[in-house]
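A structural walkthrough
Chain residues, written in single-letter form:
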Amino acid sequence: MTFVSDDPIWWPFIGSSSLVNYFVAASSTVVVYDWALTFGQEFELILRKRWSFMTVIYICVCYIGMLFSAANIFSILPFSITDLVRTIVWYIQEWTPTIVNSMLGFVMIARLYAMYQGSKKLLIFLVVALLTHPWHHLVKVPRAFQARFRCRSLPA
């Protein structure tokens, strides 16, 4: 149900929300414009060449980032969405940083390993450092699920 209020206390919040929405629209337009301008070069220099594992990781990071941006834009649009779509958007917003950081960590490990002429000690250190990354996303539960599956206390 829509809530309408003429209370002036909400005016600063409405103004700042409008400013944030304008910034999101402008930055999204710039990202899409840049992607449209450089897609021909990306296709020619990356997608038509022989693919390696690093090429796959590059493409995944690039397009997962676009999916993440689209999910963020989708989450601030002023219309209602179903619980399923809201849950999907939540998973995209919560897990994308962890997945992309892991991919970028792998790229960093591969580059440093090559730069230090295949040092096994450095490789072990970097892999341990990547694996001890705080995996706090594994224990988060979406609010939609929390509300649906509330724990009830047992009778005494």
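Quantities reported herein were computed from a predicted structural model and do not represent experimental measurements. (Residues numbered from 1 in each chain as written. Predicted model: local features only at pLDDT ≥ 70, side-chain atom pairs only at ≥ 80, totals over all residues. Heavy atoms only, no water.)

Section: the overall build of the chain
- Assigned secondary structure in the chain consists of five helices and zero strands.
- If you list the helices and strands of the chain from N to C, you get α-α-α-α-α.
- Considering the chain as a whole, with its 156 residues, one finds that 13% of them fall into the buried category.
- Summing over all exposed atoms, the chain offers an accessible surface of approximately 12700 Å²; the carbon and sulfur share of this is 70%. (Helix = DSSP H or I, 4+ residues; strand = E, 2+ residues; numbered from the N terminus. Buried < 20%, exposed > 50% of the residue type's maximum accessible area, 1.4 Å probe, protein only. Areas by Shrake-Rupley, 256 points an atom, 1.4 Å probe, with all protein chains shown as cover.)

With respect to a nonpolar patch on the surface
- Taken together, the side chains of F3, I9, W10, W11, F13 and I14 present a nonpolar region at the surface, about 780 Å² in accessible area.
- With respect to the helices and strands, the residue F13 is situated in helix α1 (residues 11–47). (Patch = residues over 30% accessible without salt bridge, like charges linked within 9 Å, V, L, I, M, F, W, Y side chains within 5 Å. Salt bridge = Lys/Arg side-chain N within 4 Å of Asp/Glu carboxyl O.)

Regarding the packing of α1 against helix α2 (residues 53–76)
- Running from N to C, α1 and α2 point in directions that differ by 160°, and their axes come no closer than 12 Å. Judged on the interaxial angle alone, α2 and α1 are roughly antiparallel. In terms of crossing hand, the pair formed by α1 and α2 is left-handed. Contacts between α1 and α2 involve N21, V24, S28, W35, F39, E42, I46 and L47 on the former and, on the latter, T55, Y58, I59, Y63, M66, I73 and I76. (Axes fitted to C-alpha atoms, helices over the stretch in contact; angles between N-to-C directions. Parallel < 35°, antiparallel > 145°, perpendicular 65-115°, else oblique. Left-handed = near helix turned anticlockwise from the far one by under 90°. Contact = heavy atoms within 4.5 Å.)

Some points on unusual backbone geometry
- For Q117, which is not a glycine, the phi torsion comes out positive at approximately 50°.
- Structurally, Q117 can be placed in the loop between α3 (83–115) and α4 (120–131).

Regarding the environment of L122
- Structurally, L122 is set in helix α4.
- When its relative accessible area of 23% is taken as the criterion, L122 is described as partly exposed.
- A C-alpha to C-alpha distance of 8.3 Å links L122 and L112, two positions ten residues apart in sequence.

Considerations on the confidence of the model for the chain
- Per-chain confidence: the chain averages 79 in pLDDT, with 83% of residues scoring 70 or above.
- Mean pLDDT across the elements of the chain ranges from a minimum in helix α5 (residues 143–148), with 53, to a maximum in α4, with 87.
- The low-confidence segment residues 151–156, where pLDDT is below 50, has zero contacts with residues more than four positions distant or belonging to other chains. (pLDDT = per-residue confidence, 0-100.)

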